Amino acid sequence: MTENKIDETQQGADENKRRFLIKVSLVLSALSAFAVGIPVVSALLAPLLEKAPEVWRKVADLDDFAIGAVKLVTFKNADPEAWAGITAQSAAWLRRDSASMFTAFSANCTHLGCPVRWEEGAQLFMCPCHGGVYYKDGTVASGPPPKALVQYPVRINKQQIEIQTAPVPITTL
Ligand code: FES
């Protein structure tokens, strides 16, 4: 009888020890997962929280543009990588609307990013890839583009025309 009681006491102690170890193991697992998870989650979320860089770039002299003229201008993108080389170059179609007003359209189609060209005779922007067509105000005339051409802010600074560059959003399928 006494031996049975000792066995029961021993079993109870073992059971308590096992529960304690399970709890310790669960807590340590949770801490490990937390420690590993923080850098992974940070790396995934960081790009979403970063503000896109915006930089004013000179693209032409004011005297180069007659009123009504539309020209392709090139400039370095807002956040070029050191190794980017020629791929850091971006382009826009710049139109002089009046003595002091300009409109700059991204040269990239809003469908899949192909470069659009300005057709002076038709007064349309045309995309060679899938037949996208835009009116002179950048809105979609026909084809697959889901929205109007992106416009850049333009300013005149000391007789020079500047474009505020920023990453251009392209539609993804
Ligand atoms: S990329 Fe311009 S229509 Fe498709």
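Parameters at a glance
- Residues numbered from 1 in each chain as written.
- Predicted model: local features only at pLDDT ≥ 70, side-chain atom pairs only at ≥ 80, totals over all residues.
- Heavy atoms only, no water.
- Helix = DSSP H or I, 4+ residues; strand = E, 2+ residues; numbered from the N terminus.
- Contact = heavy atoms within 4.5 Å.
- Phe/Tyr/Trp six-rings, centres within 6.5 Å; stacked < 30°, edge-to-face > 60°.
- Buried < 20%, exposed > 50% of the residue type's maximum accessible area, 1.4 Å probe, protein only.
- Disulfide = S-S within 2.5 Å.
- Salt bridge = Lys/Arg side-chain N within 4 Å of Asp/Glu carboxyl O.
- Domains from an automatic or database assignment.
- Pairing = 2+ DSSP bridges.

## Comments concerning the environment of Ala166
1) Next: Tracing the backbone shows Ala166 in the segment after strand 11 (160–165).
2) Next: When the C-alpha positions of Ala166 and Asp79 are compared, they lie 8.0 Å apart, and in sequence the two are 87 residues distant.
3) Next: Discounting residues that sit within four places of it in the chain, Ala166 has contacts with Pro53, Glu54, Ala78 and Tyr152.

## Details of the packing of aromatic side chains
1) Next: Summed over all chains, the structure comprises 5 aromatic pairs.
2) Next: Here Trp93 and Phe125 contribute two aromatic rings whose centre-to-centre distance is 6.4 Å and whose plane-to-plane angle is 55 degrees, an arrangement assigned as tilted. In this pair, Trp93 is assigned in strand 3 (residues 89–96) and Phe125 in strand 6 (residues 124–126), connecting sequence segments 32 residues apart. With respect to class, Trp93 is no different from Phe125; both count as buried.
3) Next: Between the aromatic rings of Trp118 and Phe125, the centroid separation amounts to 4.7 Å while the plane-to-plane angle is 50 degrees, which identifies the pairing as tilted.
4) Next: Residue Trp118 is classed as buried on the basis of its relative accessible area of 10%.
5) Next: Exposure remark for Phe125: the relative accessible area of 0% places this residue in the buried category.
6) Next: By way of ring pairs, the aromatic residues Trp93, Phe105, Trp118 and Phe125 are connected into one cluster.

## Remarks on the state of the cysteines
1) Next: One pass over the structure, following the stated rule, counts 1 disulfide.
2) Next: Disulfide pairing places Cys114 opposite Cys129 at an S-S distance of 1.9 Å. For the disulfide bridge between Cys114 and Cys129, the dihedral angle about the S-S bond is near -95 degrees, and by the sign convention the bridge is left-handed. Taken together, the residues span a long stretch of sequence, with Cys114 in the loop between strand 4 (102–106) and strand 5 (117–119) and Cys129 in the loop between strand 6 and strand 7 (133–135) at a distance of 15 residues.
3) Next: The exposure class assigned to Cys129 is partly exposed, which follows from its relative accessible area of 38%.

## Section: the pattern of salt bridges
1) Next: Inspection of the entire model under this criterion finds 6 salt bridges.
2) Next: Its salt-bridge partner being Arg19, residue Glu15 comes within 3.6 Å of it at the nearest N-O pair. Taken together, the positions of Glu15 and Arg19, both in helix 1 (residues 2–49) and 4 residues apart, correspond to about one turn of that helix.
3) Next: Here Asp61 ties to Lys58 by a salt bridge, and the two come within 3.6 Å at their closest N and O atoms.

## A few points about the domain arrangement of the protein chain
1) Next: For the protein chain, the assigned domains read domain 1 (1–50) and domain 2 (55–165).
2) Next: On a C-alpha basis, the centroid separation for the pair domain 1 and domain 2 is 59 Å.

## Observations concerning the pairing of strand 3
1) Next: Taking burial as the measure, the 8 residues of strand 3 include 6 buried ones, the bulk of the element.
2) Next: With 7 bridges connecting them, strand 2 (residues 70–76) and strand 3 associate as antiparallel partners. Looking at the pairing, Val73 lines up with Ala92 of strand 3.
3) Next: Bridge analysis of strand 3 against strand 4 gives 5 bridges, and the strand direction is antiparallel. Opposite Arg95, over in strand 4, you have Thr103 as the bridge partner.
4) Next: Hairpin connection between strand 3 and strand 4: a loop of 5 residues separates the two successive antiparallel strands.

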